[in-house]
Structure formats: C-alpha cells, structure tokens
Number of protein chains: 2
Amino acid sequence: MQRITIDPPQLQGNQLVLTVPQLHYLQRVMRLQTGAKFQAIDGVGTLYLVELSADYGLVLEQSVPAGIELSVAVSLIVAVPKIGLDDVVRACTELGVSEIYPVTSDRTIVQPSEQKRRRWLEIAKEATEQSERLIVPTIHPVQSWKTAMVQIIGQRKICAARGDSQHLMSCLDLQESISIAIGPEGGWTDRELQQSIKLGWQPVSLGQRVLRTITAPVAVMSMVSGFLESPKISPYI
Amino acid sequence: MQRITIDPPQLQGNQLVLTVPQLHYLQRVMRLQTGAKFQAIDGVGTLYLVELSADYGLVLEQSVPAGIELSVAVSLIVAVPKIGLDDVVRACTELGVSEIYPVTSDRTIVQPSEQKRRRWLEIAKEATEQSERLIVPTIHPVQSWKTAMVQIIGQRKICAARGDSQHLMSCLDLQESISIAIGPEGGWTDRELQQSIKLGWQPVSLGQRVLRTITAPVAVMSMVSGFLESPKISPYI
C-alpha cells in the first residue's frame, strides 16, 4: 500500500489535509481513485490508514506498530565525504538509524550547504516510506566533529581504520543508545582519535579490510541492526 | 604503499614483467621513480614487495599474510538489479566476499552482457587493492538463479523480505562456507522461494525493515563479516 509522510498539523480530527504535492503524488503518480486507501506516517511513530476523498484524506484507523524500529536509538556521526552521502543517508535510513550528524573534521574537504541538509532530509523521508519504517531519522545541521561528539551520551564508539581496536560487534550492549563516529577519506587524524578517547569514545574496528568512508556507515548500521535483532548472539537473552 | 594486481605469469624469477597500463599507472599516475617500492598481489593470496626498475619490477620479498581474508568463503547470489550492481560489487569486495553469482530470476528485468561482467571484475580488482585484500573475488557469468543454486554446497541461506524467517545472524556457524541469495526488486517469487527451500536453502530475514535490493547484499556482507570477525558473539569461541 502507498505510504506518505505527513506533518502532525495536517491532521484535523479524522480529516487529513493533503498538500498539493501529496495530492499530485497520490492522484496523478500513483493513480489512486477517490475511495482508495493509503497509509500515512507522522514520522514519529504513528501509522494511519486513510481513505482518499476528493481533495483530502479520511482517517479510518491509527496505530503505533511495535517491533519495526530498532530497540535502542542508533546515531551515526559521519565526516562528510566528497561524494556519496546521499546514498549513505538512504541506506542507513533503511537499516534503522535514528540520527545522523554530518560533521566536518581535519581531513574533511567539503562544507555542505543548508540546502544539502534539506536534500538529505528528503531522502531520509523517502527511505523511511520505502523501507516501511515509522520514524524519520533526524538529520542534524553540519557542525564540527567535536561540537557533535561532546554533546552525545550513551554507548559511544569511534571507528579506527588501522590499529588493533576491538571489533565493534564485540563491544556492544543491548541496554543503552548507541552512537558511532565514522571518519572521512583518509580517516580521523591521531589528534581527533586521542581527543575522542578522552571524551569517552571507545575506538573500534569494523574488520581486517579497509572500507571506504561511504561503505563504513552502511556496514556499521548493518552490524548494529543485526546485533540488536538477532537474539541468539546476544549475551543478554 | 601503492598496490597493483598482477597475473601470476608476469612473474619470471624475481623479475616482475609490468604491462603498459601498469607502468603508466605507477610512473605517470602515481609518479613513482625508479627505485621506489610498491606492492603487488597475485589475487590468490600472495603479497609481493617490489622495487620499480626502468620498465620492470624487482621482487624484494614475498609473503602470504594471514587474518585479512575472512575465515570461511562467503558467496553471494545476487539477482541483477536494474541499476547499482557496480556499487554492490565494490562494497561487497571491501567487506570480504569470495564469489559473486549475478543471476536472473522471474522478476529480474535486465540481462547483462559479458562486457558488463568484465567491468564488474575490474571493479572487484580495484576494490581488492583499495581495501588491502589479497584475493580478488570471482565474478561468475550471469546465469539463472536455479543453475547457480543447485551447484552450491555448504551453509545456504536465501533472504526473504517478508514473513517471519529467523534472522540471518541467528543461524550462522563459523565452520563451513556460507552462501546467501538475495532477490531482485520485488523479491523472490513464492515459487522461487519454495524451490530453493526444497534444494536445501534456509529462508532468513535481514531485520524488520524492507531493504532495497542494492542495500541487502552490503548488509549481508557486513553482518557475516562482523559475525566471523568478532569472537565474543560467536558461540564457538
């Protein structure tokens, strides 16, 4: 069934006020007729079953489905790569990420505009709908790595491409939110790594091969979601 | 250090005969001078330390490094997507895949040419060098899903997008080669799933969200490599 993301103020009682682009999408692109049903999500957890009327939607049911989102919030701190963050946002949204902090670092070359952030948010919305998630990830404004990393609490891991750090999957626990920082092309500088460790971030490895900066976030989200969703391998169950 | 992939016949005693493109790459693109050192891999496990001479290489050392490749062979059977298999081959090579079988299935739309396969092999070589792997994955010719799946032995899993299959990471073991089949846009048909199960393939889930066909192989390789490389979560160690 078609799924769209709405803003909570679009709901007025059991009537869903549709925007012009949403009406265009439902009626012209998806060719839904009056009386056809579609799903709407508010992006923060609620799913609505809606019937299309002439130019609005009639809410038939609403629910808060369980088990689709990951059991703890997973945030990624990603040093913005030269190209490819669009694909990273899309794939990591499918894999269940809660928040993405695009950051600059010593070796970051690009300085993305606010317009770029709006594009990433659009991609996150699309991927939320397509992957049948309920919550649209937060895309934070671009900031320096340190500004982001001082404010984050919970389990905090920083990926170190070289060295003999413990593997990410060996040092996760199920109980607390997880944040993982991924460096730019060329990796974090030693200074950044040392400062992060002082701030309480644990250096981790993603395995014995060198991953590109746009592969690493997808690998991280896959491993973390696999860890959270496969009870057999967890030491807690 | 720069790394190139060579064919074993290029080695003649301790002399490495360089092809014209390799010489161009080392001397013009990477600007190595005579006397500079680089690494060469034969793509099947051996690493050579080589000194650049006028128009050939002098092998200084050779070794078979351990621990870089995954401990068991991991194969992917991938129904060819409309676009994006180039990126899948690149990312899965970084993550340690041994063999990729691009296959056609009921819902596969494209029929890639042999030229396309040569391109995927080139990408696999590049990604092997960049990720500092030693073994170049095998890219099989495009064939029907069933032709590929009847010939494969070991642990065999087929990803089912819907339903309540066990999670991939809950049903792996460390002892035997692993093969995982990933369907096209729209997924495997019921007929394909049922026939695969009869052939001994176990249906598995990759989690509670719907992944695109080009995200799933990368998620699979991330989860499997994480499983194989993080001793704490393994029931065998």
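First, a word on what this report is: a plain description of the structure on this page. Since we're looking at a predicted model, the values are computed, not measured. (Residues numbered from 1 in each chain as written. Chains lettered and ligands numbered in written order. Predicted model: local features only at pLDDT ≥ 70, side-chain atom pairs only at ≥ 80, totals over all residues.)

Once that is clear, we can look at the packing of helix H2 (residues 85-94) of chain A against helix H3 (residues 114-130) of chain A. All names here are of chain A. It is the contact of H2 with H3, at a shortest axis distance of 8 Å, that shows an interaxial angle of 35°. Considering the relative orientation of H2 and H3, their crossing is right-handed. Between H2, through Leu85, Asp86, Val89, Arg90, Thr93 and Glu94, and H3, the contact on the second element is made entirely by Trp120, Ile123, Ala124, Ala127 and Thr128. Broken down by class, the residue content of the contact of H2 with H3 amounts to 6 nonpolar, 2 polar and 3 charged. (Axes fitted to C-alpha atoms, helices over the stretch in contact; angles between N-to-C directions. Helix = DSSP H or I, 4+ residues; strand = E, 2+ residues; numbered from the N terminus. Left-handed = near helix turned anticlockwise from the far one by under 90°. Contact = placed C-beta atoms within 7 Å. Nonpolar A, V, L, I, M, F, W, Y, C, P; charged D, E, K, R; others polar.)

Its rotation angle being 180°, the transformation that places chain A on chain B also includes 0.0 Å of axial translation and leaves an RMSD of 0.0 Å. Taken together, these values place the two copies in the relation of a two-fold axis. With an isologous cut-off of 70% or more, the 100% of interface residues of chain A that recur at the interface of chain B puts this contact in the isologous class. (Least-squares fit on C-alpha atoms with pLDDT ≥ 70 in both.)

The subject of this paragraph is the pairing of strand S8 (residues 99-104) of chain A. Residue and element names in this part refer to chain A. Counted residue by residue, S8 has 5 buried out of 6 residues, so it is predominantly covered. Both strand S7 (residues 74-79) and S8 contribute to a ladder of 5 bridges, which runs parallel. From the neighbouring strand, Ala79 faces S8, where its bridge partner is Val103. Here 2 bridges tie S8 to strand S9 (residues 138-139), and the two strands are oriented parallel to one another. Note that in S9 the partner of Ile100 across the bridge is Ile139. Summarising the sheet, S8 and strand S10 (residues 143-144) pair through 2 bridges and their orientation is parallel. What sits directly across from Val103, in S10, is Gln143. (Buried ≥ 20, exposed ≤ 12 C-beta atoms within 10 Å, placed from the backbone. Pairing = 2+ DSSP bridges.)

Let's shift gears to helix H6 (residues 216-229) of chain A. Under the 1.5 Å per step criterion, the end-to-end length of H6 of chain A is 20 Å for 14 residues, consistent within 8% with the ideal 20 Å. H6 of chain A sits mainly inside the fold: 14 of its 14 residues count as buried. (Expected span 1.5 Å × (residues − 1).)

As a further point, take the interface of chain A and chain B. A common way to express how large an interface is: the accessible area buried when the components associate. On the side of chain B, 31 residues touch chain A, which itself brings 31 residues to the contact. Sorting the residues of the side of chain A that touches chain B by element identifies H2 and H6 of chain A as the ones contributing at least two each. Ranked by residue count, the leading element in the side of chain A that touches chain B is H6 of chain A, at 7 residues. Grouping the amino acids of the side of chain A that touches chain B by side-chain chemistry returns 11 nonpolar, 13 polar and 7 charged.

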